[in-house]
Amino acid sequence: ETGVTQTPRHLVMGMTNKKSLKCEQHLGHNAMYWYKQSAKKPLELMFVYNFKEQTENNSVPSRFSPECPNSSHLFLHLHTLQPEDSALYLCASSQGGGSQETQYFGPGTRLLVL
Amino acid sequence: AQTVTQSQPEMSVQEAETVTLSCTYDTSESNYYLFWYKQPPSRQMILVIRQEAYKQQNATENRFSVNFQKAAKSFSLKISDSQLGDTAMYFCAFMRETSGSRLTFGEGTQLTVNP
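I will try to describe carefully the structure that is included in this document. (Residues numbered from 1 in each chain as written. Chains lettered and ligands numbered in written order. Predicted model: local features only at pLDDT ≥ 70, side-chain atom pairs only at ≥ 80, totals over all residues. Heavy atoms only, no water.)

Some details on the overall build of chain B
Part 1: Of the regular secondary structure elements, chain B holds zero helices and 12 strands.
Part 2: Counted from the first residue to the last, chain B has its helices and strands arranged as β-β-β-β-β-β-β-β-β-β-β-β.
Part 3: For a compact globule of 115 residues, the expected C-alpha radius of gyration is about 13 Å, and chain B comes in at 14 Å, within 12% of that figure.
Part 4: Seen along its three principal axes, the alpha-carbon backbone of chain B occupies a region of about 45 × 25 × 20 Å.
Part 5: Burial status across chain B gives 49% buried among its 115 residues.
Part 6: In chain B, 54% of the contacts between residues at least 6 apart in sequence involve partners at least 24 apart.
Part 7: In the structure as shown, chain B presents an accessible area of about 5400 Å², 44% of it carried by carbon and sulfur atoms.
Part 8: Between the mean site of the 10 positive side-chain charges and the mean site of the 11 negative ones, chain B shows a separation of 7 Å. (Helix = DSSP H or I, 4+ residues; strand = E, 2+ residues; numbered from the N terminus. Rg over C-alpha atoms; globule rule 2.2 N^0.38 Å. Buried < 20%, exposed > 50% of the residue type's maximum accessible area, 1.4 Å probe, protein only. Contact = heavy atoms within 4.5 Å. Areas by Shrake-Rupley, 256 points an atom, 1.4 Å probe, with all protein chains shown as cover. Lys, Arg positive; Asp, Glu negative; His and termini not counted. Charge placed at Lys NZ, Arg CZ, Asp CG, Glu CD.)

Quick word on a nonpolar patch on the surface
Residues and elements named next belong to chain A.
Part 1: A cluster of nonpolar residues, Val-12, Leu-112 and Leu-114, forms a patch on the protein surface that exposes about 290 Å² of accessible area.
Part 2: In this structure, Val-12 sits in strand 2 (residues 10-13).
Part 3: Using a relative accessible area of 52% as the deciding quantity, one classes Val-12 as exposed. (Patch = residues over 30% accessible without salt bridge, like charges linked within 9 Å, V, L, I, M, F, W, Y side chains within 5 Å. Salt bridge = Lys/Arg side-chain N within 4 Å of Asp/Glu carboxyl O.)

Some remarks on the state of the cysteines
Part 1: The full count for this structure, using the stated rule, is two disulfides over all chains.
Part 2: With a sulfur-sulfur separation of 2.0 Å, Cys23(B) is cross-linked through a disulfide to Cys92(B). On the sign convention where negative is left-handed, the bridge of Cys23(B) and Cys92(B), at about -70° about the S-S bond, is left-handed. In this pair, Cys23(B) is assigned in the loop between strand 3 (19-21) and strand 4 (24-26) and Cys92(B) in strand 10 (residues 88-96), connecting sequence segments 69 residues apart. Of the two residues, Cys23(B) and Cys92(B), both sit in the buried class.
Part 3: Free cysteine Cys68(A): the closest other cysteine sulfur is in Cys91(A), separated by 9.1 Å. (Disulfide = S-S within 2.5 Å.)

Considering unusual backbone geometry
Part 1: Of note, the amide linkage connecting Thr7(A) to Pro8(A) takes the cis form, showing an omega dihedral of -10°.
Part 2: In this structure, Asp81(B) takes a positive phi of about 50° despite not being glycine.
Part 3: Mapped onto the fold, Asp81(B) is located in the loop between strand 9 (74-79) and strand 10.

Focus on the interface of chain B and chain A
Part 1: If you look at the interface, chain B gives 23 residues, while chain A gives 26 residues.
Part 2: Regarding the contact of chain B and chain A, the summed buried area is about 2000 Å², with carbon and sulfur atoms giving 47% of it.
Part 3: By the criterion of area lost to chain A, the three top residues of chain B are Gln44(B), Ser101(B) and Arg102(B), representing 29% of everything that side buries.
Part 4: There are one salt bridge connecting chain B and chain A.
Part 5: Salt-bridge contacts for Glu56(A) lead to Arg102(B); the nearest nitrogen and oxygen are separated by 2.2 Å. (Buried area = accessible area lost by both parts, 1.4 Å probe.)

So, the pattern of salt bridges
Part 1: Under the definition given, this model contains eight salt bridges over all chains.
Part 2: For Arg63(A), the salt bridge goes to Asp85(A), with nearest N and O atoms at 2.7 Å. Note that Arg63(A) is positioned in the loop between strand 6 (53-57) and strand 7 (64-70) and Asp85(A) in the loop between strand 8 (73-79) and strand 9 (87-94), a separation of 22 residues in sequence.
Part 3: The closest approach of N and O atoms between Glu52(B) and Arg50(B), which form a salt bridge, is 2.8 Å.

Here's the deal with the sheet that holds strand 1 (residues 4-7) of chain A
Residues and elements named next belong to chain A.
Part 1: The strand order across the open sheet built from four strands is 1-3-8-7, with neighbouring strands paired in antiparallel fashion. Two strands bound the open sheet, and with one partner strand each, they are strand 1 and strand 7. Taken pair by pair, the neighbouring strands of this sheet meet at an average axis angle of 20°, ignoring direction. (Pairing = 2+ DSSP bridges. Axes fitted to C-alpha atoms, helices over the stretch in contact; angles between N-to-C directions.)

Here it is as structure tokens:
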């Protein structure tokens, strides 16, 4: 265990559904990240939050909507997804405030869009 | 833009033997950080080892060590005395000093340790 938890671990949803992924870190970190991991592709950074402020949106479609209510929690709201959005979604956290920081990952949510 | 290349999609090794995973990267930066992450079948991504580019000494963590060749932009991971629990996908990752913690990952190498 790395101190970063994600729920649910598995999710199946239709293209018209709305669901949310949750991430929580117990490490006292101030930066949190969402990554997408698709088969045969490198991890893709989606969003970065630093001290609850979004500092990076890596050209992610608007059907993915992040929310960071505090430094310990990060959500990814999903709506009107496409089958190609099926992937493993990983959350990570780091100390926050600058670069050169090691990121610690959660176990991921395996998402299947039908 | 930085790129990270892992040219070995799959590797296997016998238990107790040594294996080396390759990673090369492309950057014009002089200061940066390199990482190896391990992702076992349980899916939790775990940091294995980290190297600062300004340090000439290769990082070591127990059975894991790196061969960092800055001029060649090479960052290989050596696993000694391989154990069954080392079976996992291994990702090499690059972070610029000024990137605000943005990681660029390679495609990964699936390592299987055979009994």
